[in-house]
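The residues making up each chain are set out below.
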Amino acid sequence: MSRRDDDPNFIEAIARGFDVIKAFDPHAPVMTLSEVAAATGLARPTARRILLTLEALGYVRPLPGGGFALTARVLELGLTYVQSMGLWGVARPHMERLVGRTNESTSVAQLDGSDIVYVARVAVPKIIALAVSIGTRFPAPQTSLGKVLLAGLEPAELDRALAEPTRSGAEPRHRFDRAELEETLRDVRAQGWALTDQELAAGIRSVAAPLRDCDGRVIAAMNVTVHAAETSVETLRDEYLPLLLQAAGEVSADFARYGAIPRTPVA
């Protein structure tokens, strides 16, 4: 692996951590400690400490038999760029068109542990019980966005996400036990969307659909939010959901095309 040890500002430990992450690829999605050490040129004790650190941070998971694999959290490293340069730019015109057709607010969120975090929003001024802005957190199980994102996880990923305590500070009206949540997520996977009716806060209804990358993975979710006093569940489901599904499909298709554009390396 390349080094810049002659630069006094270069932090070798960070470079080694990225070397370990980059050692995993489609041809080697699971690697043993020895394989990681060989691929990175690191001593086994160093490779082991880095793997254990990445595991503690949630970027690597151990497997039965002694192997290691990356987790979906590694996507955050790239999605930070995508959020600022790609996903918002792709989603924005579709979100604005959706708001024009529904006259209701729409948002995009991603999962962080057991919370959702809002990363994009086109709002319609209305008196509503919850103030939402970019960076706002809510517990995932009680939101339509969160249900869609949780439903997109593998079982082990779901366990890890739900094991993390919420950092939202919100007190939801409804609390799920695990069996009830599992049943709800099965329904979401089967139908491809999620609807919530005042589970997080009184007066808030929303419906959400997944946003996918070029490999079909759920990378975010997009919703339409309404006030329960103004919009019935039937209107939300029968009138707004088809428009949302169309918009989310268009965002996913555009984002897949964006991801497929060859990038010219910068020398």
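As shown above, the structure is provided for reference.
Reading the values: the criteria
Residues numbered from 1 in each chain as written. Predicted model: local features only at pLDDT ≥ 70, side-chain atom pairs only at ≥ 80, totals over all residues. Heavy atoms only, no water. Core = buried A, V, L, I, M, F, W, Y, C linked by side-chain atoms within 4.5 Å. Buried < 20%, exposed > 50% of the residue type's maximum accessible area, 1.4 Å probe, protein only. Helix = DSSP H or I, 4+ residues; strand = E, 2+ residues; numbered from the N terminus. Contact = heavy atoms within 4.5 Å. Pairing = 2+ DSSP bridges.

## Brief notes about the nonpolar core
Counting residues in hydrophobic clusters, the biggest one holds 29 residues, and the most contacted among them are Val108, Leu211, Met222, Val224 and Leu244. Contributions of two or more residues to this core are made by helix H4 (75-102), strand S5 (115-122), strand S8 (204-212), strand S9 (218-227) and helix H8 (233-260). With sequence-adjacent residues up to four places away left out, Leu211 is seen in contact with Leu87, Val108, Arg217, Val218, Ile219, Ala220, Ala221, Met222, Ala248, Val251 and Ser252. Counting residues in hydrophobic clusters, the runner-up holds 21 residues, among them Ile116, Ala140, Leu153 and Leu158.

## Here we look at the pairing of strand S4 (residues 105-112)
In terms of residue burial, S4 counts as a mostly covered element, since seven of its eight residues are buried. Bridging between S4 and S9 involves five bridges; their strand directions are antiparallel. Bridge pairing links Val108 to Met222 in S9. Summarising the sheet, S4 and S5 pair through seven bridges and their orientation is antiparallel. Looking across to S5, one finds that Gln110 is bridged to Val117. Between S4 and S5, which pair antiparallel in sequence order, lie two residues; one of them, Gly113, sits at a positive phi of approximately 65 degrees.

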